Amino acid sequence: MAGLSVKHLLGIKNINASDINLIFETAENFKEIINRPIKKVPSLRDITIANLFFENSTRTKLSFELAEKRLSADVLNFSASGSSVSKGETLVDTVNNILSMKVDMLVMRHPNPGAAVFLSKHISVNIINAGDGTHEHPTQALLDAFTIKEKLGELQGKKIAIIGDIMHSRVALSNIFCLKKIGAEVMVCGPTTLIPKYISSLGVEVSHNLREALEWCDVANMLRIQMERQDIKYFPSIREYIMQFGLTKAILDSLHKKILVLHPGPINRGVEITSDVADSSQSVILNQVENGVAIRMAVLYLLAGKIHNQD
Amino acid sequence: MKLLIKNVKIVDPNSPHNKKKRDIFIKDGIIEKINRAVRIIGKDVEMIDAKGQHISPGWFDMKVNFCDPGYEYKEDLQNGLKVAANSGFTGVGIMPSTNPSIHNKSSIEYLINSAKGHAVHVFPFGAISVKRESKELAEMYDMHSSGAVAFTDDKNPIKESGLMLRALMYSKNFNGIVVSFPYDESLAHNGQMHEGIMSTSLGLKGIPSLSEEVMIIRDLNLAEYADARIHFTCVSTAHSVELIRQAKAKGLKVTADVCINNLILDDEYLHDFDSNFKFLPPLRSKDDITALKQGLKDGTIDVICSDHTPENIENKQCEFEHAANGSIGLETFFGLANNFLSDTLSTEELIQKIAINPRKLLNLAIPQINEGERANLTLFDTESEWTFTEKDILSKSKNTPYINWKMKGKALRTFNN
């Protein structure tokens, strides 16, 4: 069986459509496995994986940890708060210290764009980028696309609108790369101040009107407003944001079709989507979370295959 | 000291011997004789066979940082001057972004006195504002009287229009020259690289071309109102070139320089977050490079500088957002300019941009290759091809994007004093 074309998963930008399809096929198998009474497989026995989280995370961290444990890997967790990072240690030094304890793979979340790419030039083990600042979050994009595929059968020609704070979102960027690579059409929608000026160069449509985006799409991926990454104000108030871009049940029901609603979490109920939308039958938010574990198992499994190839 | 340089091609638009192959005899620092064949024999005469080589007025880099005082772990003045001499320069303009800043008489004197007797002459740029904080004017007249050749807050742009206007007006009293680094920080908020397709796909905050252009528009207006001289440093966008071209046509007293990096590298080099390519102004697009070259050719841009910026490895080899801007540039300057600008500038035009114009716009004496003149010369070669490697770096800091790049031509020797 052909493996992945890459040694690390640094971003969707760096992989191709056959890599994506291979990850999907592998994830389908793992999804079947984790729904069995005995959810664990021995695939990564003797592999030690360090989860390095230099930025807060709940679901991504849990999802990776669970995926690693279901594959029987040994897991090491590291969070930046209270660590030597706060004492001024460099990223490469921190990571090298952990690697000297004989770690085979790294999963890293980091606040700076390109941190995983940078690290990959200085260390030899396989790296999975679990989100690097406003750059990429590849496993999120894979699980989003996997979920859409599961619900709609295929992605080719499907229309996906990504709505919200595009500028500060690594999810948006990875989703754009992923969906375009497997033949879907993408539109981004949000306030003008939160959409990068040159975003259409990535081959996406741009809209600043929620209804227009919803009428165009088959799937709406609602992003959270990344307040923590906005060091200046890009819009006057949350209230005004909701007035223009908040997805309500009334808007959803007024469309002449049933679109799927995705959200990468955590949801700000009442901001980007109301509770009744989040809990509606059109929402696949919890399916995304479930698929996240299968996708991450697939990525870990396929990259671990690379470790043995190197030996 | 007696020196005879044989068969050298003279490149000096101000010399009657321009473009001619000559022998040059130098005695005690003065050019004694220039002729087709000069015969001087004596044990005390050093003879240089310069067949196939060129000689020009000594090169002048009007934008270097030697990090002294305050950051001597990156570079110090003595070693910096050695690097400059070895790279073909006989004069350097030193930026005031040291710690403390070069913002008063004693700091100007420190630089001048420390460099006394060195083959490379130092021309300090004094700060416009105290501590380069963009708040109140520094003692510009006192610095000018002590040897400051121009005034700039280096890459801390003067935020307030009123302060910039006062600097332009005040410096007129003593013919001081104000240098503007056109950069509106509020438009480039937290920007990491040129705003464009590449910044979008890397998820990095962009520095729009606009952030430079609005400042050029502002400062051109201020200079026109003050009827003052203004020099723009490190111009990087196509529209900036056009704005300066129009201002010159209108008769404004404006000059400009461009950094060599912005003539060679574009933003696509940042595709894998390599911080060696992180600069301010950022590397722009290919179209900007074309426009900058056109501006050089038609005289809109007067000078090419190296913007030599030593940085210790800890400040470069880290996450992109934390990495410092800039690279060392003296060692690679001529090898790059001669190699990559040959489609734009002849050797004579290049010498104009790196030896004549910088001195002219700073009101400094321009060395001339003529009998009776003081020898201030750079001997160089334009044909030798070589690869730049880490062992070619004489600077204390090794931050450069040009390791393993092909160079063409190099400085062989300088003569000054």
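What you are looking at is a predicted structure, and each value in this text was computed from that prediction instead of being measured. (Residues numbered from 1 in each chain as written. Chains lettered and ligands numbered in written order. Predicted model: local features only at pLDDT ≥ 70, side-chain atom pairs only at ≥ 80, totals over all residues. Heavy atoms only, no water.)

Moving on to the confidence of the model for chain B. Here chain B shows a mean pLDDT of 97. Residues at 70 or above account for 100%. For this predicted complex, the interface confidence score (ipTM) comes to 0.94, while the overall pTM stands at 0.95. (pLDDT = per-residue confidence, 0-100.)

Another point: the sheet that holds strand β6 (residues 185–189) of chain A. Residue and element names in this part refer to chain A. The 5 strands are arranged β7-β6-β5-β8-β9 in an open sheet whose pairing can be described as parallel. Two strands in the sheet have a free side with no partner beyond their single neighbour: β7 (205–207) and β9 (260–262). Taken over all neighbouring pairs, the strand axes of this sheet differ in orientation by 20° on average, direction set aside. (Pairing = 2+ DSSP bridges. Helix = DSSP H or I, 4+ residues; strand = E, 2+ residues; numbered from the N terminus. Axes fitted to C-alpha atoms, helices over the stretch in contact; angles between N-to-C directions.)

With respect to the helices and strands, the residue I232 of chain A is situated in the loop between β8 (219–222) and α8 (238–245). Along the primary structure I232 of chain A and P111 of chain A are separated by 121 residues, whereas in three dimensions their C-alpha atoms are 17 Å apart.

Before going further, it helps to examine the packing of aromatic side chains. Residue and element names in this part refer to chain B. Overall, the coordinates contain 22 aromatic pairs over all chains when judged by the stated rule. Summarising the aromatic geometry, the rings of W59 and F89 are spaced 5.9 Å apart at their centres and angled 75° between planes, so their arrangement reads as edge-to-face. Taken as a pair, W59 in strand β6 (residues 59–64) and F89 in strand β7 (residues 89–94) lie far apart in primary sequence, 30 residues in all. With relative accessibility at 0%, the residue W59 sits in the buried group. Classification of F89 by relative accessible area gives buried; the value is 1%. A ring pair is formed by Y269 and F277, whose centres lie 5.1 Å apart and whose planes are at 15°; its orientation type is stacked. According to the relative accessible area criterion, Y269 is partly exposed, its value standing at 30%. A residue is classified by how much of its surface remains accessible, and F277, at 8% relative accessible area, is buried. (Phe/Tyr/Trp six-rings, centres within 6.5 Å; stacked < 30°, edge-to-face > 60°. Buried < 20%, exposed > 50% of the residue type's maximum accessible area, 1.4 Å probe, protein only.)

This brings us to the interface of chain A and chain B. The interface of chain A with chain B comprises 27 residues on the first partner and 20 residues on the second. Buried surface at the junction of chain A and chain B, summed over both partners, amounts to about 1800 Å²; 58% is from carbon and sulfur atoms. There are 1 salt bridge connecting chain A and chain B. Here D272 of chain B makes a salt bridge to K121 of chain A, at a shortest N to O gap of 3.4 Å. Connecting chain A to chain B are 9 residue pairs in polar contact (both at pLDDT 80 or more). Elements supplying a minimum of two residues to the side of chain A that touches chain B: α4 (115–120) and α6 (170–181) of chain A. The element that contributes the greatest number of residues to the side of chain A that touches chain B is α4 of chain A, accounting for 3 residues. For the side of chain A that touches chain B, the residue count by class is 15 nonpolar, 8 polar and 4 charged. (Contact = heavy atoms within 4.5 Å. Buried area = accessible area lost by both parts, 1.4 Å probe. Salt bridge = Lys/Arg side-chain N within 4 Å of Asp/Glu carboxyl O. Polar contact = N/O pair within 3.5 Å; in protein donor to acceptor, adjacent residues only side chain to side chain. Nonpolar A, V, L, I, M, F, W, Y, C, P; charged D, E, K, R; others polar.)

Before going further, it helps to spend a moment on the sheet that holds strand β3 (residues 105–110) of chain A. All names here are of chain A. What the 4 strands build is an open sheet, ordered β2-β1-β3-β4; its pairing is parallel. Every other strand in the sheet has two partners, leaving β2 (74–79) and β4 (126–132) as the edge strands with one partner each. Averaged over all pairs of adjacent strands, the angle between their axes in this sheet comes to 15°, without regard to strand direction. Sheet strands in contact with helix α3 (residues 91–99) are β1 (48–53), β2 and β3, and its direction is about 150° off that of β3.

With that settled, consider the nonpolar core. Core analysis: the largest hydrophobic core is formed by 115 residues, its most contacted members being L106 of chain A together with I304 of chain B. Each residue touching L106 of chain A, except ones within four places of it in the same chain, is listed here: A50, L52, V95, L99, L119, I123, V125, N126, I127 and I128 of chain A. Of all hydrophobic cores here, the second largest spans 67 residues; its members include I33, F53, F146 and C178 of chain A. (Core = buried A, V, L, I, M, F, W, Y, C linked by side-chain atoms within 4.5 Å.)

Right, let's talk about the pattern of salt bridges for a bit. Residues and elements named next belong to chain B. Applying the stated criterion to the full structure yields 29 salt bridges over all chains. The salt bridge involving R413 is made with E46; its shortest N-O contact spans 2.7 Å. With R413 in strand β17 (residues 406–416) and E46 in strand β4 (residues 45–49), the pair connects residues that are 367 residues apart, well separated along the chain. Among the ionic pairs, D343 bridges to K293, the shortest N-O distance being 3.4 Å. Placement of the pair is D343 in the loop between α11 (330–340) and α12 (347–361) and K293 in helix α9 (residues 286–297), with a sequence separation of 50 residues. We classify D343 as exposed; its relative accessible area is 59%. We classify K293 as buried; its relative accessible area is 16%. When salt bridges with common partners are traced through the structure, they connect E242, R245 and D298 into a single cluster.

Tracing the backbone shows H17 of chain B in the loop between β1 (2–10) and β2 (21–27). Beyond its immediate chain neighbours, meaning those up to four positions away, H17 of chain B contacts I10, R22, I34, I369 and N370 of chain B.

The next point concerns the domain arrangement of chain A. Residue and element names in this part refer to chain A. Domain boundaries assigned for chain A yield domain 1 (12–137 + 290–304) and domain 2 (138–289). Between domain 1 and domain 2, the C-alpha centre-to-centre distance is 25 Å. At the junction of the two partners, domain 1 supplies 32 residues and domain 2 supplies 31 residues. The contact between domain 1 and domain 2 buries some 2600 Å² in all, and 62% of this surface belongs to carbon and sulfur atoms. Looking only at domain 1, the three residues that lose the most surface to domain 2 are I12, F24 and H137, adding up to 26% of its buried area. Across the contact surface, domain 1 and domain 2 share 3 salt bridges. Between R170 and E55 there is a salt bridge, with the nearest N and O atoms lying 3.0 Å from each other. Linking domain 1 to domain 2 there are 22 residue pairs in polar contact (both at pLDDT 80 or more). Where the side of domain 1 that touches domain 2 is concerned, the elements lending two or more residues are α1 (17–34), α2 (59–70), β3, β4 and α11 (285–310). Split by residue class, the side of domain 1 that touches domain 2 holds 12 nonpolar, 10 polar and 10 charged. (Domains from an automatic or database assignment.)

The next subject is helix α6 (residues 210–226) of chain B. Residue and element names in this part refer to chain B. End to end, α6 covers 24 Å across 17 residues, agreeing with the expected 24 Å (1.5 Å per residue, within 8%). Turning to α6, its buried residues are S211, E212, E213, M215, I216, R218, D219, L220, L222, A223 and A226. Contact partners of the buried residues in α6: α4 (161–172), β10 (178–180), β12 (206–207), β13 (230–232), α7 (238–249) and β14 (254–259). Backbone geometry just downstream of α6 places D227 in the positive-phi region, at approximately 50°. (Expected span 1.5 Å × (residues − 1).)

So, about the pairing of β2 of chain A. Residue and element names in this part refer to chain A. Judged from the 6 bridges that link them, β1 and β2 form a sheet pairing that is parallel. Bridge pairing in β2 places F53 opposite S79. Handedness of the crossover is the feature at issue here: the chain leaves β1, passes through α2, returns alongside β2, and the resulting connection is right-handed. (Right-handed = clockwise from strand over helix to strand, strands pointing away.)

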